[in-house]
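# What the coordinates show
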Amino acid sequence: GLRDMNISVLGTKFLVHHYSESDYMSVVLYEGKVRIDESTKTTFLNPGDKFEYFVSEGKSVVTVLEKLENWVESDLDMYMTPMNNMLDLLEYQYGVNIVRNDYNNDLKYSVRIPYGADIGVAMEVFRKLAGDFSYRIEKDTIELSQVKK
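Residues numbered from 1 in each chain as written. Predicted model: local features only at pLDDT ≥ 70, side-chain atom pairs only at ≥ 80, totals over all residues. Heavy atoms only, no water.

### As for the overall build of the protein chain
- Secondary structure summary: the protein chain contains two helices and 10 strands in total.
- Helices and strands appear in the protein chain in the N-to-C order β-β-β-β-β-β-α-β-β-α-β-β.
- Within the protein chain, the fraction of its 149 residues that count as buried is 41%.
- A fraction of 46% describes how many contacts in the protein chain between residues 6 or more apart in sequence connect residues 24 or more apart.
- Put simply, the protein chain shows about 8,600 Å² of open surface, and 48% of that area lies on carbon and sulfur atoms. (Helix = DSSP H or I, 4+ residues; strand = E, 2+ residues; numbered from the N terminus. Buried < 20%, exposed > 50% of the residue type's maximum accessible area, 1.4 Å probe, protein only. Contact = heavy atoms within 4.5 Å. Areas by Shrake-Rupley, 256 points an atom, 1.4 Å probe, with all protein chains shown as cover.)

This is the structure in structure tokens:
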């Protein structure tokens, strides 16, 4: 599992995507070298490699990316992530406060929000995905309201 994993940075630029309660973790290497020690194997990444780990399957995969995006400007990828955690990620990514009221959704979804997408676009994607809330955006605050499906 993730608790048995160790990522060693060997003079490099890389991006790690993992959020608490998520079933997915990825590492994309841009420069240098990264060593990932799992409980049963060690993987070395070279520039352009993407390491993905799927917790529920206990499976890791390394792929070579055809094109490296700017290492800071990357899409927001979420794979089988509970909606509650996805909203946390939006708060962090966009610097907004999402007032949940009584809204609670632990169902898992997968989605990609393109880098640079407006918060309104991201919220509309989430609303359509979950189908169980409406929202109102007021400056840097977003207020959710539960709706029945």
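Moving on from the model shown.
### Things to note about unusual backbone geometry
- Positive phi is not limited to glycine here, since Asn101 has a value of about 50°.
- Within the chain, Lys139 stands out as a residue other than glycine whose phi angle is a positive 55°.
- Its place among the elements puts Lys139 in the loop between strand S9 (133-138) and strand S10 (141-146).

### Structural notes on the environment of Met5
- Here Met5 lies in the segment before strand S1 (6-18).
- Overall, the relative accessible area of 16% leaves Met5 in the buried class.
- For Met5, the contacting residues outside a window of four places in its chain are Met25, Ile36, Asp37, Glu38, Phe51 and Tyr53.

### What to know about helix H1 (residues 83-94)
- Taking 1.5 Å of rise per residue, the 12 residues of H1 would be expected to cover 16 Å, and the 16 Å separating its terminal C-alpha atoms lies within 8% of that figure.
- Of all the residues in H1, the buried ones are Met83, Asn84, Asn85, Met86, Leu87, Leu89, Leu90 and Glu91.
- Gly95 occupies a position one or two residues after H1 and carries a positive phi of about 65°. (Expected span 1.5 Å × (residues − 1).)

### Describing the pattern of salt bridges
- Going through the model one piece at a time under the given rule, you end up with seven salt bridges.
- Among the salt bridges present, the one from Arg35 reaches Asp37, with a minimum N-O distance of 3.1 Å.
- Of the residues examined, Asp37 reaches a relative accessible area of 18% and is grouped as buried.
- Several salt bridges share partner residues, and in doing so they unite Asp88, Glu91 and Arg100 into one network. (Salt bridge = Lys/Arg side-chain N within 4 Å of Asp/Glu carboxyl O.)

### Remarks on the packing of aromatic side chains
- For the coordinates displayed, the defined rule picks out two aromatic pairs.
- Geometrically, the ring pair formed by Tyr103 and Phe133 is edge-to-face, given 5.2 Å between the ring centres and 70° between the ring planes. Of this pair, Tyr103 sits in the loop between strand S7 (97-99) and strand S8 (108-113) while Phe133 is found in strand S9, placing the two residues 30 residues apart along the sequence. With respect to class, Tyr103 is no different from Phe133; both count as buried. (Phe/Tyr/Trp six-rings, centres within 6.5 Å; stacked < 30°, edge-to-face > 60°.)

### Digging into the pairing of strand S5 (residues 59-64)
- Examined bridge by bridge, strand S4 (residues 49-54) and S5 share six bridges and lie antiparallel to one another. Residue Asp49 lies in a different strand from S5, and its bridge partner there is Val64. (Pairing = 2+ DSSP bridges.)

### Observations concerning the sheet that holds S7
- Pairing is mixed across the open sheet formed by three strands, whose spatial order is S7-S10-S9. Edge positions in the sheet fall to S7 and S9, since each of these pairs with one other strand and no more. Pairwise comparison of adjacent strand axes, ignoring direction, gives a mean angle of 20° for this sheet.
- With six bridges connecting them, S9 and S10 associate as antiparallel partners. The residue of S10 that forms the bridge with Arg136 is Glu143.
- Against the sheet, helix H2 (residues 119-130) touches S7, S9 and S10, its axis set at about 170° to S9. (Axes fitted to C-alpha atoms, helices over the stretch in contact; angles between N-to-C directions.)

These results come straight from atomic positions and should not be treated as a statement about function.
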